[in-house]
Amino acid sequence: TRAADVPAETAAVPPVATRFLGLFEQLRAAGDPNAKGGHQHVAFQLSESEINEYMQYSLKTIPRPGIQSINIKIFPKNYVSTFTVVDFDAVEQWKPGTIPKLLRPMLSGKKSVWVDYRFQANEGRGTFTVEKAYYGDVRLPAFMVEKMIEILAARQPEHYDTTKPLLLPFGLRQVWTTEHVLAGQN
């Protein structure tokens, strides 16, 4: 068959996606209580460029309600900066009043926001706090951004509840950052 005859859904998975999907499977297998050999230790390090490339693939493969794109920068001590295109109309539709009236004229439609947050992820649970957030040069209130994240997270297929510590996926026990790297282990 010619490449043009192959449906987009069956096109080759990019190498970075293959690496991520392999890591996910390795972590799932390590967490299987019925697996041979008992508990297997899995540790990983992922660069921010690998994460960004995988996120592009993932959002095309499994679109996320209210999120068009996301790009991250990783800093030491669990500090992450995100640049995300958010559908503010969807957020306001799902939970009217989330966007303060004063900000609604500029925060409507699909817009890019920059959000910096710090996370803690130990003993299989994770939490985060918004350090700062901006739309262009306008600083956004952290409480509003945390509420938007809560609304968006609840709309995802996993139905995350960001008001309480989140269970880390795949049996992960710890996740942390160094310069431009996300690391973790089960």
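Residues numbered from 1 in each chain as written. Predicted model: local features only at pLDDT ≥ 70, side-chain atom pairs only at ≥ 80, totals over all residues. Heavy atoms only, no water.

(A) Molecular detail of the environment of Lys111. With respect to the helices and strands, Lys111 occurs in strand β4 (residues 110-122). Linking Lys111 and Val85, residues 26 residues apart in sequence, is a C-alpha distance of 5.2 Å. If near-sequence neighbours (up to four positions away) are discounted, Lys111 is found in contact with Thr84, Val85, Val86, Phe88, Met106 and Tyr135. At 2.9 Å, the side chain of Lys111 forms a polar contact with the backbone oxygen of Met106. (Helix = DSSP H or I, 4+ residues; strand = E, 2+ residues; numbered from the N terminus. Contact = heavy atoms within 4.5 Å. Polar contact = N/O pair within 3.5 Å; in protein donor to acceptor, adjacent residues only side chain to side chain.)

(B) Structural detail: the pairing of strand β8 (residues 174-178). With burial as the criterion, only one face of β8 is covered, namely that bearing Val175 and Thr177; the residues Gln174, Trp176 and Thr178 on the opposite face remain uncovered. Of the strand pairs in this sheet, β8 and strand β9 (residues 181-185) are connected by five bridges, and their pairing is antiparallel. When the bridges of β9 are listed, Trp176 appears paired with Ala183. Counted between consecutive antiparallel strands, the loop separating β8 from β9 contains two residues, among which His180 sits at a positive phi close to 65°. (Buried < 20%, exposed > 50% of the residue type's maximum accessible area, 1.4 Å probe, protein only. Pairing = 2+ DSSP bridges.)

(C) Just the packing of aromatic side chains, in detail. A complete count under the given rule lists eight aromatic pairs for this structure. Pairing Phe24 with Phe170 gives two aromatic rings, centres 4.9 Å apart and planes at 15°, and the pair type is stacked. Here Phe24, found in helix α1 (residues 15-31), pairs with Phe170, found in the loop between β7 (166-167) and β8; they are 146 residues apart in sequence, far enough to count as distant. Judged by its relative accessible area of 18%, Phe24 is buried. Judged by relative accessible area, which is 27%, Phe170 ranks as partly exposed. Taken together, a centroid distance of 6.1 Å and an interplanar angle of 65° make the contact between Phe75 and Tyr79 edge-to-face. Through a chain of ring-to-ring contacts, the aromatic side chains of Phe20, Phe24, Tyr54, Tyr57 and Phe170 assemble into a single cluster. (Phe/Tyr/Trp six-rings, centres within 6.5 Å; stacked < 30°, edge-to-face > 60°.)

Don't take any of this as a statement about function, it's just geometry.
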